[in-house]
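For reference, the chains in residue letters:
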Amino acid sequence: MPTIHDLKTPALLLDIDVLEGNLRRMSERCKELQVRLRPHIKTHKCREVALAQRVLGAQGITVSTLTEGMAFAEFGFDDITWAFPVIPGRLTEAAELATRARLGVVVDSAAAVDGLLGAGAPFRVWLKIDCGNGRAGVDPGSSAPRELAERLIDGGLELAGILSHSGDAYRAASRDQIARIADSERRIMAELAGELAAHGVSVSDVSVGSTPSMAAYRTLDGVTEVRPGNYALYDYTQVLLGSCAPDQCAATVLTTVVSSSRERGTSVVDAGALAMSLDPGPVHLGRRSFGEILDEHVPGSFLRNARLTSLSQEHGLVSRPLELGARIRVLPNHSCLTVACFDAFSVVGGDVVVETWPILRRR
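Residues numbered from 1 in each chain as written. Predicted model: local features only at pLDDT ≥ 70, side-chain atom pairs only at ≥ 80, totals over all residues. Heavy atoms only, no water.

## With respect to the layout of surface pockets
Taken as a whole, the largest pocket encloses approximately 1,100 Å³ of empty space. Every residue lining the largest pocket is counted, 47 residues in all, and those nearest its centre are Lys42, Ser64, Arg135, His165 and His334. Counting residues per element, the ones that place at least two in the lining of the largest pocket are helix 3 (66-74), strand 4 (79-85), helix 9 (236-241) and helix 11 (335-339). Top element by residues in the lining of the largest pocket is strand 4. It accounts for four residues. Per-class residue counts for the lining of the largest pocket are 16 nonpolar, 18 polar and 13 charged. What the second largest pocket holds in volume is close to 360 Å³. Around the second largest pocket, the lining comprises 20 residues; the ones closest to its centre are Asp15, Leu294, Pro299, Gly300 and Arg329. Put simply, the parts of the chain that give the lining of the second largest pocket at least two residues each are strand 1 (11-15) and strand 10 (251-261). The element that contributes the greatest number of residues to the lining of the second largest pocket is strand 1, accounting for three residues. Grouping the amino acids of the lining of the second largest pocket by side-chain chemistry returns ten nonpolar, four polar and six charged. (1 Å grid on protein atoms, 1.4 Å probe; cavity = no way out; pocket = protein on both sides within 12 Å on 5 of 7 lines; lining within 4 Å. Points joined across faces, edges and corners; volume = space filled by probe spheres on them. Helix = DSSP H or I, 4+ residues; strand = E, 2+ residues; numbered from the N terminus. Nonpolar A, V, L, I, M, F, W, Y, C, P; charged D, E, K, R; others polar.)

As structure tokens, then:
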């Protein structure tokens, strides 16, 4: 069988054993917390990974784009939440997807609700709630959630429930702060569901979550569903946030040293921005790089004084001279964006390439 030494670089490696461990642990975590798992597949965009998640008990999937939804509907995934504010100009496409899958859509305005009513499709509608992330969603302390819920119900649409994303956990400076953010999100959402019920609006589902918060929740009382995505692969950001250990990161980029200079104290690899993305990682934690280099001789550790310090389109600059022709594995800051740069995973067990799994990165 081929090995990683036979691959052309840059190549995206997926460690099958690490992946399976990550999926199994999250499945067990959700059972422990007594919530359904609806994984966000934008991280891996891969049918084989999604099937493995389903085998382990995942119920439905979450997508970021309609094209992701369409791609996975073609493979028989028929319970899909499009966790992105509805795009007015694409409601016809959304209506088409709703004929092929049980489709949940997200709104945070009266105009969006009215657009859905005009589309005449059997959408399940989630109300997006801002619990502190500050990106999208309505204020849970305002009258907007009740007014929007009543507006869509009166129009004949199904209220799927209320939905939030604790993305502010990615900006946390400590594990304790992540735990406070996670607990706050849970409390706000559970209380809002109760308040809506008191006003005659039944909320059957409460959906929350992010990968950092899933590692920090003490309880999920009042919540029915979680939507983490990054946990399948993890990345260097998750390592710094304390969500995982380095040896739990399943996706790395294999790259070749193409230039090296002792005078400059640097080397160049063939993994640039179009392989790694330009995500600088959680710079608020005091660690800025575009990828950490694994030490092949000490599993679960990084090569000393060596990281990607800058990227151009195809070049990656390493902060120390390395042997010309050497092949190294780089742990990306953000696996979701890195995966979106590649057409396929080279699935590996150790150094052996066991399969190739396509990445459905349609736009």
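The rest of the description comes next.
## Description of the pattern of salt bridges
By the definition in use, this model includes 18 salt bridges. In this structure, the salt-bridge partner of Arg38 is Asp79, at a minimum N-O distance of 3.2 Å. Placement of Arg38 in the loop between strand 2 (36-37) and helix 2 (47-55) and of Asp79 in strand 4 is noted, with a sequence separation of 41 residues between them. Here Arg38 matches Asp79 in class, with each residue buried. Salt-bridge contacts for Glu225 lead to Arg38; the nearest nitrogen and oxygen are separated by 2.9 Å. Placement of the pair is Glu225 in strand 9 (residues 225-226) and Arg38 in the loop between strand 2 and helix 2, with a sequence separation of 187 residues. Ionic contacts of the salt-bridge type, sharing partners, join the residues Arg36, Arg38, Asp79, Arg102, Asp205 and Glu225 into one network. (Salt bridge = Lys/Arg side-chain N within 4 Å of Asp/Glu carboxyl O. Buried < 20%, exposed > 50% of the residue type's maximum accessible area, 1.4 Å probe, protein only.)

## Quick look at the pairing of strand 4
Bridge count for strand 3 (residues 61-63) against strand 4 is three bridges, and the pairing is parallel. Its bridge partner being in strand 4, Val63 is matched across the sheet by Trp82. Crossover strand 3 to strand 4 through helix 3 is right-handed. Relative to strand 5 (residues 102-107), strand 4 runs parallel, the two being bridged by four bridges. By the bridge assignment, Thr81 is partnered in strand 5 with Gly104. With respect to chirality, the unit in which strand 4 leads through helix 4 (residues 91-98) into the neighbouring parallel strand 5 is right-handed. (Pairing = 2+ DSSP bridges. Right-handed = clockwise from strand over helix to strand, strands pointing away.)

Geometric values such as these leave the question of function open.
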